[in-house]
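Residue-level listing of the chains:
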Amino acid sequence: QVQLLESGGGLVQAGGSLRLSCAASGRTFSSSYRMGWFRQAPGKEREFVAAIGWSGTTIYSDSVKGRFTISRDNAKNTVYLQMNSLKPEDTASYYCAADPYSGSYYSTSDYGSWGQGTQVTVSS
């Protein structure tokens, strides 16, 4: 079983930056895991934000491309999401996800482990 713990959320003004962290633990976790960030706003479905593969391949949703950067530190079992030029529409709970098998980076159903989420609120 893999445990994921997100941190780094908070309240920021539009145009500001935040860095989210996701610390992974568990006997089976390794650097080969596919890692993703998703977000969910009130009344909306959880949506894909960014993902990173074991080789460092990164993928982004169109809504965050050019503003967000996903990275991983395998020595620390931690994945980061650097969020710049934040907009009010980025307000949501952000969730980290992990899976050891190949699959879709974009689909919530293709990730077996999830964190509890961290709230990001962007004021206008």
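Refer to the structure presented above.
All of the points below concern the structure found in this document. (Residues numbered from 1 in each chain as written. Predicted model: local features only at pLDDT ≥ 70, side-chain atom pairs only at ≥ 80, totals over all residues. Heavy atoms only, no water.)

**Observations concerning empty space enclosed by the protein**
Part 1 of the reasoning: Scanning the entire structure with this criterion turns up 1 cavity of 30 Å³ or more.
Part 2 of the reasoning: Put simply, the largest cavity is a space of about 40 Å³.
Part 3 of the reasoning: Together, Phe 29, Met 35, Arg 72, Asp 73, Asn 74, Asn 77, Thr 78 and Val 79 line the largest cavity.
Part 4 of the reasoning: For the lining of the largest cavity, the elements supplying multiple residues, two or more each, are β7 (68-73) and β8 (78-83).
Part 5 of the reasoning: Looking at the lining of the largest cavity residue by residue, the class counts come to 3 nonpolar, 3 polar and 2 charged. (1 Å grid on protein atoms, 1.4 Å probe; cavity = no way out; pocket = protein on both sides within 12 Å on 5 of 7 lines; lining within 4 Å. Points joined across faces, edges and corners; volume = space filled by probe spheres on them. Helix = DSSP H or I, 4+ residues; strand = E, 2+ residues; numbered from the N terminus. Nonpolar A, V, L, I, M, F, W, Y, C, P; charged D, E, K, R; others polar.)

**Points about the nonpolar core**
Part 1 of the reasoning: Ranked by internal contacts, the top residues of the largest apolar core, which has 28 residues, are Met 35, Trp 37, Leu 81, Met 83 and Tyr 94.
Part 2 of the reasoning: For this core, the secondary structure elements donating two or more residues are β3 (18-25), β4 (34-40), β5 (47-52), β7, β8, β9 (92-99) and β11 (118-123).
Part 3 of the reasoning: Counting 6 residues, the second largest nonpolar core, distinct from the first, contains Phe 38, Phe 48, Ala 51 and Ala 97. (Core = buried A, V, L, I, M, F, W, Y, C linked by side-chain atoms within 4.5 Å. Buried < 20%, exposed > 50% of the residue type's maximum accessible area, 1.4 Å probe, protein only.)

**Concerning the packing of aromatic side chains**
Part 1 of the reasoning: Counting across every chain of the model gives 6 aromatic pairs.
Part 2 of the reasoning: Look at Phe 38 and Tyr 111: their rings are 5.3 Å apart centre to centre, the planes differ by 80 degrees, and that puts the pair in the edge-to-face class. Remark: Tyr 111 occurs in the loop between β9 and β10 (113-114) and Phe 38 occurs in strand β4; sequence separation between them is 73 residues. The same class applies to Phe 38 and to Tyr 111, which are both buried.
Part 3 of the reasoning: With 6.1 Å between their ring centres and 65 degrees between their planes, Tyr 111 and Trp 114 make a pair best called edge-to-face.
Part 4 of the reasoning: Under the relative-accessibility criterion, Tyr 111 is labelled buried at 5%.
Part 5 of the reasoning: An aromatic cluster is built from Phe 38, Phe 48, Tyr 106, Tyr 111 and Trp 114, whose rings are joined through pairwise contacts.
Part 6 of the reasoning: Over the ring of Tyr 105 we find Arg 34; its NZ or CZ atom is 6.0 Å from the centre of that ring. (Phe/Tyr/Trp six-rings, centres within 6.5 Å; stacked < 30°, edge-to-face > 60°. Lys NZ or Arg CZ within 6 Å of the ring centre and 35° of its normal.)

**Quick word on the pattern of salt bridges**
Part 1 of the reasoning: For the coordinates displayed, the defined rule picks out 5 salt bridges.
Part 2 of the reasoning: Across the pair Arg 39 and Asp 90 runs a salt bridge whose closest N-O atoms are separated by 2.9 Å. Highlighted residues: Arg 39 in strand β4 and Asp 90 in the loop between β8 and β9, separated in sequence by 51 residues.
Part 3 of the reasoning: On the accessibility criterion, Arg 39 (6% relative accessible area) is buried.
Part 4 of the reasoning: Connected via shared salt-bridge partners are Arg 39, Glu 47, Arg 67 and Asp 90. (Salt bridge = Lys/Arg side-chain N within 4 Å of Asp/Glu carboxyl O.)

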